[in-house]
Amino acid sequence: MQQTNTIVETETQLPLGWRERLSPSKLSAIPGRYNLPRMFSRHSTKQKQKQKQMREPLPTRSVSALQTSFKITDTFQLLRTRRWSVFDVQHVILAGLCIFSLWIIEPSAPVIKTLAGLGYLLLLLMPITRQFFVPSWPIWTYLLYFFSSRFIPYDIRPDILVKMLPALEDILYGTNFSNIFSSWNHPVVDVIAWFPYGIGHFGLPAVCSAIMFIFAAPGTTPMFAKSFGWMSALGVSIQLLLPCTPPWYERLHGLEPAEYGMQGSPAGLARIDALFGVDMYTTSFTTAPVPFGAFPSLHAADAILEALFISYCFPKLRGLCIFYVTWICWATMYLNHHYAVDLLGGGIIAYTIFFVVKKFWLPRPQPGKTYRWEYEYVEVGEMKKNKALDEELGYVPLNALGKRSIDYSDEFTVLDSFMHSASSSGSSSPTTSFRSDRSDRRSD
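Residues numbered from 1 in each chain as written. Predicted model: local features only at pLDDT ≥ 70, side-chain atom pairs only at ≥ 80, totals over all residues. Heavy atoms only, no water.

J.: Explanation requested: the overall build of the chain in the structure shown.
T.: Across its full length, the chain holds 21 helices and four strands. The buried share among the 444 residues of the chain stands at 45%. A separation threshold of at least 6 residues defines the contact pool for the chain, and within that pool the share at least 24 residues apart is 76%. On the chain, roughly 24200 Å² of surface is accessible, and the fraction owed to carbon and sulfur atoms is 66%. (Helix = DSSP H or I, 4+ residues; strand = E, 2+ residues; numbered from the N terminus. Buried < 20%, exposed > 50% of the residue type's maximum accessible area, 1.4 Å probe, protein only. Contact = heavy atoms within 4.5 Å. Areas by Shrake-Rupley, 256 points an atom, 1.4 Å probe, with all protein chains shown as cover.)

J.: How do you make sense of the pattern of salt bridges when you look at a structure like this?
T.: A side chain with one charge can pair with a side chain of the opposite charge if their charged atoms come near. In total, this model carries two salt bridges according to the counting rule given. Here Asp88 and Arg82 are joined by a salt bridge, their closest N and O atoms 2.6 Å apart. We note that Asp88, like Arg82, is buried. One salt bridge in this structure joins Asp190 and Arg271, with 3.0 Å as the shortest N-O distance. Of this pair, Asp190 sits in helix H12 (residues 187-215) while Arg271 sits in helix H15 (residues 269-276); the two residues are 81 residues apart in sequence, bridging distant segments of the chain. Given the relative accessible area of 28%, Arg271 is considered partly exposed. (Salt bridge = Lys/Arg side-chain N within 4 Å of Asp/Glu carboxyl O.)

J.: I tried to follow the packing of aromatic side chains on my own but got confused; where do I start?
T.: To describe a pair of aromatic rings, you give the distance between the ring centres and the angle between the ring planes. Scanning all chains against the criterion turns up 24 aromatic pairs. Aromatic pair Phe87 and Trp361: ring centres 5.6 Å apart, planes at 90°, arrangement edge-to-face. Separated by 274 residues along the polypeptide, Phe87 in the loop between helix H5 (72-81) and helix H6 (89-104) and Trp361 in the loop between helix H19 (340-360) and strand E1 (363-364) bring together distant segments of the chain. By relative accessible area, Phe87 is classed as partly exposed at 24%. Residue class for Trp361 comes out buried when judged on its relative accessible area of 14%. Each ring, one from Trp330 and one from Tyr334, has its centre 5.1 Å from the other, and the planes form 20°; the classification is stacked. A residue pair is termed a helical-turn pair when its members lie 3 or 4 positions apart in one helix, as Trp330 and Tyr334 do in helix H18 (residues 318-334) at four residues. A residue is classified by how much of its surface remains accessible, and Trp330, at 24% relative accessible area, is partly exposed. Grouped by ring-pair contacts, the aromatic residues Phe224, Phe228, Phe309, Tyr312 and Phe354 constitute a single cluster. Sitting over the face of the ring of Tyr375, Lys369 holds its NZ or CZ atom 5.2 Å from the ring centroid. (Phe/Tyr/Trp six-rings, centres within 6.5 Å; stacked < 30°, edge-to-face > 60°. Lys NZ or Arg CZ within 6 Å of the ring centre and 35° of its normal.)

J.: What should I look at first to understand the side chain of Thr141 in this one?
T.: Its place among the elements puts Thr141 in helix H9 (residues 137-148). Discounting residues that sit within four places of it in the chain, Thr141 has contacts with Leu94, Leu97 and Cys98.

The following block contains the structure:
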């Protein structure tokens, strides 16, 4: 009985404040984060906003837009989210050629070489310079590779072929065109031959690049730069692995065996130096890094590649391009620098590279578009698109509509700043965004 009374007393001592706290008016003041109706309402709002964003077009970026940022962190962020593919092996090869070329150059000068390498790396990392120096990387690599090849030890090089090109000339043509064209010369004819061979060969690539950058479809100039650089590097590699004497050697030494260390010759260009009284070619050709690099002719290859790109972008200039290619091919033989078979080899390499680039990656010109800034979208290549190839080339989905694009800030991709659609025909439509699905996921 006593125990029961104690319990009753305890019950009567409960504080009256609990009743007020349990009143309906107080329950409505539950914090928002624990308020289930508000939680569901906010989740529903998020879904509505997300659906609205999917329905509305995302902000667009012009296909002709250029990078203006100097932030290296933007490039690192890009590399972290990049979809790497087998085509990125090209950058490994370029880096290997650059390191090899710097390594064999004498004197060693490790500090200067390291600073040069870091300087170019900085250009590759800054967005404002990356958009130009990544596509042109093969060209700079070719130049470094060509000028450093003189330092390759003679004892590991293959034998120089003296009789191969004259024999091929006789087999294919039945005569030696170089000897025929160079048998008679005149100062006026020398100047006519000098213009494409001594000026056009060195200056025309930059002129073509500028013309295509302004008047062709966006992405054309990067493809031209990559094609030009890789073709030239391939040509130098063939010249080093298959060294052949040019026509001027046959005229000076006959078919006697050639040895490394022998000086080159300006051949017909020496008459230009004598005509103008200036040493423009005599010293440079006498001390050329690859004096026995007759096959293939890079003069012909460069001219043919330039003509193919210009004719593709501007069909009305096809006749002028054919004239220029014929002009420089004649000049190489008149000045006694190449056999006709060298021109054939250079032409085959140039056309093969152009054919592959045109089929897969070259932007198509659109009727009625005069300048690059008039393009709203770009059609790429000639082959039909498929999902596996898109993923391999770096194309990514953009939105629920199924349109695809390349990230514009990614100059490290094989394809540069242009887009294509999801249709099986390979044509593209105006894009609604330049952002990839990775950026969409990050925004969520």
